[in-house]
Every structure is written in structure tokens, then in C-alpha cells.
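# Overview (structure and organization)
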Amino acid sequence: MTYSFLQHYWWFVVSLLGALLVFLLFVQGANSVARSLGYTDEGQRLIYNSTGRKWEFTFTTLVTFGGAFFASFPLFYSTSFGGAYWLWMIILFTFVLQAVSYEFQNKLGNLLGPRTFQFFLTLNGIVGPLLLGGAVATFFEGSNFIVEKGNLVNSQLAVDNSQLLTPVISHWGNASHGLDALLNPWVLVLGFAVVFLARVLGILYIMNNIDDEDIRSRGSVRLVGAAVPFVVLFVAYLVHLLLKDGYAVNAEGLVYMEPYKYLGNFLTMWYLLILLLVGVVLVLWAVYTEIVNKQSANSKSIWPAGIGTVLVVLALLLCAGWNDTAYYPSTASLQSSLTLQNSCSSEFTLRTMFWVSLLVPFVLAYIVYCWRAIDKKKLTNQEELHY
């Protein structure tokens, strides 16, 4: 296991966690359409009861995703999570609101009323996917930050001279601290594509998990309303990505702009292109079969759609970091852009974590076991409503 192999391996692990996180956003997607999909109070509570049994998976994956980034690529963690903190704080705040809303919306003595907490669930269902999709878009569009590793040397000199100094390696180029990314229209395009993808997955999950004819009859219509804008936005961003200049890295570690870089990545790493195309076909096929078989009470379209989502996001994230590509470009200082080589942990750390990562399949197996136990029986109106 060479140092380069470990760097690429851990980018794969981080990308896989990011892909799983996007799939698990079906919880947010379902909550964002619960009012129109459930229509009645009983139908809405049935939907919240369904998503309320899965929200921990999404939140845990989000935290694990951040933890994996911190351990394997600490400079990205300090630059993005520390510099673009308004973006990440809003994401985390909406997820905390989600957890509180599930717990308190129907508690006795709730002074705010259930509608207030249901509004918070809807807010998380829109803002969470939007900002997470926007954060992924910055891997291709760039962010306004500056990295000054020379501050480490200056801090060491200060320590030698008995001066107290805390080194600041990276800082944001303006006072918006991450929110400036939303001024880029292409960041918003991918962000809203993730919002509508989450809605597609959420509707498919609800139609798989809930046995209610009233919800099913509206689900197909809502599915079309979510799938059409998702396809339009995603195709638009994919075309933009393949035609835009990308951030390449030469043998000396210098970052430069290369025409059609991401198209070149997919052509060079043809297996990623296959993953992307297979994933897109699976998502579209799942949506098509669900619309055609709208009267079926045994919907399983969430699974091909979920697998397709993971494959597409995994291919995009690997394209952003592999093949000598700067995965976190800087629009303020080109040479401040982060690559696998200049932002990763030490070889000892990556090698040690490699052996720990071999336990991940056992954790995934436990999650699958719990999922199957929870979803063993479809929810109905006779089900006790907890949320």
C-alpha cells in the first residue's frame, strides 16, 4: 500500500459516504412533500411516522461523512468547515431542528403546536438538500478561500522565541464564509437538482413503505412533478460540467486550468463513466416503472433508484478527486486549491485507518439488518402513529 494508493482509497471512502448521504436524503425529500402527499392530518402523520424511523440513518451518515473528511483530509475540514462555517452551520441547524421536531411535535403541552414543528421538517427537507447539493457543486465550481501553509513555519519561529501564536493556515476570502457560493448560478442548479432528487426518492420510499391508497393515488402525480425538474436541472449541470474548464494538477503539484478536464476524466477513467450511465438509467427506470405501475401496492422502485443515486454521486465525486484533479478548487488563489496530495493526513494515519475501515462492511450489514427489521411490515392507518 503506497501513500498514493491510501490517498485514493480514502477519497473513495469519503465519496462513498457522500453518495450514501445523498440517497438517505429521501427522508428530507418525503418531509418536504408530506403536506401535499398526505393531504389529511392522518396521512401526514403516517408519512412523518415513516420518515421518523429513518432520520437517524441520515444524520449519522452526515456526521460520519464529516468525521471521515476530518481524519483523512484534515486541511479540507479546517478550510471548508472552518472557513465556510455559515453554510455548514445552517445545514447542521436544520438537521437539529429536524430531530427536535420529531420528538416534540405531538408532545402534550407543546406550546408551539404540531404545525410549527412540521414546518421545521419541511424547512429541513428543502434547505438541507439544497445546501448539501451546493456544497458538492463547489468541488467543481470552486470556493473563495486562501491557504497559507507558511504560517506553520512562522508559528514555529514564534514558539522558539517564547511567543504565543496560534497558526491560521487557511481563511475565507470574504465575510460571507461560504454563503457566497450561492451567488454562482451553477451551484444553485446542482443544489436544486438534489432537492428534487430527494423528493423523488422520498416519494418512492413512501410508496414502498406505506400501504395507503389515498397516498398512492397522489404519489404518482407528485412523482412526475419532482422527476421532471430534477432531470432538467441535472442534465443541464452535467452538460455544463463536461464542457467547462477543470482544475488539473501537474507532476510538481501546481494547479492549472485544463479545458474539458472533467470530460477527460470520464474518458480516461471509463469505469466511472459506466457507473454514471448505469446510475442514471436505474433512476429513470425506477421513476418510469413507478408511474406506469401506480396502482401496484407492492412498490419496490426505491431500490433501483437508491442504487442509481449512489452510483451517480460516487462517479461524480471520484471524478472530482482522481486523475490529478484538484477536488476543492480555490477561486481566490489557484495554488491554494486542495488536492489529494497536499491536504491529506500522514501515511501512518491513513495506513492505520485503512485497517479500521475494514470493519465498515460489518457496520453496513448491521444497518441493513435494522432496516429490514423496521420495514418488515408496511405502515397503514391502523398503525400506531408516534410522530
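In the block above lies the structure referred to throughout.
Residues numbered from 1 in each chain as written. Predicted model: local features only at pLDDT ≥ 70, side-chain atom pairs only at ≥ 80, totals over all residues. Heavy atoms only, no water.

### Remarks on the overall build of the protein chain
- The helix and strand inventory of the protein chain stands at 16 helices and 4 strands.
- Its C-alpha atoms give the protein chain a radius of gyration of 22 Å, near enough to 21 Å, the size a compact globule of 387 residues would have.
- In terms of its C-alpha atoms, the protein chain occupies a principal-axis envelope of roughly 70 × 50 × 40 Å.
- Taken over 387 residues, the protein chain has a buried fraction of 51%.
- The long-range fraction of contacts in the protein chain, counting pairs at least 24 apart against all pairs at least 6 apart in sequence, stands at 79%.
- Total accessible area on the protein chain is roughly 17,700 Å²; 69% of this is exposed by carbon and sulfur atoms.
- The average position of the 20 basic charges and that of the 21 acidic charges among the side chains of the protein chain differ by 10 Å. (Helix = DSSP H or I, 4+ residues; strand = E, 2+ residues; numbered from the N terminus. Rg over C-alpha atoms; globule rule 2.2 N^0.38 Å. Buried < 20%, exposed > 50% of the residue type's maximum accessible area, 1.4 Å probe, protein only. Contact = heavy atoms within 4.5 Å. Areas by Shrake-Rupley, 256 points an atom, 1.4 Å probe, with all protein chains shown as cover. Lys, Arg positive; Asp, Glu negative; His and termini not counted. Charge placed at Lys NZ, Arg CZ, Asp CG, Glu CD.)

### Let's talk about unusual backbone geometry
- Of note, His177 is a non-glycine position whose phi angle comes to about 50 degrees, a positive value.
- Turning to its location among the elements, His177 is positioned in the loop between β2 (170-172) and α10 (185-209).

### Comments concerning empty space enclosed by the protein
- All chains considered together, the criterion is met by 3 cavities of 30 Å³ or more.
- Taken as a whole, the largest cavity encloses approximately 160 Å³ of empty space.
- If you list the elements that add at least two residues to the lining of the largest cavity, you get α1 (3-24), α5 (55-72), α8 (114-141) and α14 (302-321).
- For the lining of the largest cavity, the leading source of residues is α8, giving 5 residues.
- Its residues assigned to classes, the lining of the largest cavity comprises 13 nonpolar, 2 polar and no charged.
- As a volume, the second largest cavity reaches approximately 60 Å³.
- As for the second largest cavity, its lining consists of Phe76, Ser80, Ala84, Leu87, Trp88, Ala135, Thr138, Ser143, Trp172, Gly178, Ala181 and Tyr328.
- Elements with a minimum of two residues in the lining of the second largest cavity: α6 (74-83), α7 (85-104) and α8. (1 Å grid on protein atoms, 1.4 Å probe; cavity = no way out; pocket = protein on both sides within 12 Å on 5 of 7 lines; lining within 4 Å. Points joined across faces, edges and corners; volume = space filled by probe spheres on them. Nonpolar A, V, L, I, M, F, W, Y, C, P; charged D, E, K, R; others polar.)

### Here's the deal with the nonpolar core
- Formed by 109 residues in total, the largest nonpolar core has its most connected members in Trp11, Phe69, Phe73, Phe139, Leu316 and Tyr327.
- A per-element tally of this core places α10 first, with 15 residues.
- Filtering out sequence-adjacent residues up to four positions away, Phe139 remains in contact with Trp11, Phe69, Phe76, Tyr262, Leu317, Ala320, Ala326, Tyr327, Tyr328 and Pro329. (Core = buried A, V, L, I, M, F, W, Y, C linked by side-chain atoms within 4.5 Å.)

### Side note on a nonpolar patch on the surface
- Residues Val231, Val235, Val239, Leu243, Tyr260 and Leu284 make up a contiguous nonpolar surface patch of about 520 Å² in total accessible area.
- Considering each element in turn, the nonpolar patch owes the most residues, 4 residues, to helix α11 (residues 213-243).
- Here Leu284 shows up in helix α13 (residues 270-292). (Patch = residues over 30% accessible without salt bridge, like charges linked within 9 Å, V, L, I, M, F, W, Y side chains within 5 Å. Salt bridge = Lys/Arg side-chain N within 4 Å of Asp/Glu carboxyl O.)

### Side note on the side chain of Ser80
- As for its position among the elements, Ser80 is in helix α6.
- Accessibility expressed as a relative area gives 3% for Ser80, which makes it buried.
- Of the polar contacts made by the side chain of Ser80, one reaches the side chain of Tyr328; its length is 3.4 Å.
- Other than its neighbours up to four places away in sequence, Ser80 contacts Tyr85, Trp88 and Tyr328. (Polar contact = N/O pair within 3.5 Å; in protein donor to acceptor, adjacent residues only side chain to side chain.)

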